[in-house]
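Per-entry structural report
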Amino acid sequence: MKKIIHIAFICLCITSCEAQPEPTQFSQEALNATFIDIEGESVTFQKILDANKGQTVLIDIWASWCRDCIVGLPNLKALQDQYKDLTYVFLSMDKTQTSWKNSIKKYDITGEHYFMPSGWKGPFSDFVDLDWVPRYMVIDAESNIKLFRAIKASDPKIKEYLK
């Protein structure tokens with residue numbers, strides 16, 4: 001009897017633990033999340049997307065204290081060399097705006113830069129289920145999420161969605 005109950009429990013878990021499809025649209029909370037641009041102005045994520053409407057966007061969520069982020073920069077720069085017509089949006093998880101801005105210069109990171117004042121706990125991070133940086137996303141010309149989760153710039157799925 002114990003064995004039957006155990007098997008039934010496993011079957012129940014398997015059927016109720018199916019993977020959920022990754023989102024193709026941002027939630028209203030994520031769109032309303034506030035970032036700081038390089039000039040120090042507040043901007044919502046919706047405005048970032050609106051400014052890049054009609055373009056494919058590669059989002060890189062990163063931090064200067066993140067070893068994997070820095071190690072991955074050569075692969076990201078290779079993508080920038082190969083896909084020059086894309087927009088590259090960098091969302092920083094740095095602890096301070098000073099370290100964020102210094103790192104952009106130090107590592108010569110080109111693209112659009114935004115600071116995430118809410119960090120790991122904000123509505124944007126919650127929506128993307130941020131549990132690791134770097135994190136890469138690909139957004140199409142209509143602001144649809146094409147690639148929701150990649151943790152390496154060398155992930156072949158990134159190129160697949162950039163074509």
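Since the structure is predicted, the reported quantities are computational estimates derived from the model, not experimental observations.

Glancing now at the sheet that holds strand S5 (residues 112-115). If you trace the seven strands from one edge of the open sheet to the other, you get S2-S1-S5-S4-S3-S6-S7, paired in mixed fashion. The sheet is open, and its two borders are formed by strand S2 (42-44) and strand S7 (145-150), each paired with just one other strand. If you compare each strand with its neighbour and ignore which way they point, the axes differ by 30° on average. Here strand S3 (residues 57-62) pairs with strand S4 (residues 87-92) via six bridges, running parallel. When the bridges of S4 are listed, Leu 58 appears paired with Tyr 88. Packing against the sheet, helix H4 (residues 67-82) makes contact with S3, S4 and strand S6 (135-139), and its axis sits at approximately 170° to S3. In this fold helix H5 (residues 97-106) packs onto strand S1 (34-37), S3, S4 and S5, with an angle of close to 160° to the strand it touches most, S5.

This part is about H5. Buried within H5 we find Trp 100, Ser 103 and Ile 104. When H5 is viewed along its axis, its buried side chains cluster within an angular range of 105° and face the same direction. The exposed residues of H5 that point more than 90 degrees off its buried face are Thr 98, Lys 105 and Lys 106. Those residues of H5 hidden inside the fold are in contact with S1, S3, S4 and S5. At the C-terminal side of H5, Asp 108 shows a positive phi close to 50°.

On to the pairing of S1. As defined by bridge partners, S1 adjoins S2 across three bridges and the pair is classed as antiparallel. Bridging from a neighbouring strand, Phe 35 pairs with Val 43 of S2. From the end of S1 to the start of S2, which pair antiparallel, there are four residues, and Gly 40 there has a positive phi angle of about 90°. As paired strands, S1 and S5 are joined by two bridges and run antiparallel to one another. The residue bridging Asp 37 from the neighbouring strand is Tyr 114, located in S5.

Calculation criteria
- Residues numbered from 1 in each chain as written.
- Predicted model: local features only at pLDDT ≥ 70, side-chain atom pairs only at ≥ 80, totals over all residues.
- Heavy atoms only, no water.
- Pairing = 2+ DSSP bridges.
- Helix = DSSP H or I, 4+ residues; strand = E, 2+ residues; numbered from the N terminus.
- Axes fitted to C-alpha atoms, helices over the stretch in contact; angles between N-to-C directions.
- Contact = heavy atoms within 4.5 Å.
- Buried < 20%, exposed > 50% of the residue type's maximum accessible area, 1.4 Å probe, protein only.
- Arc of directions from axis to C-beta.

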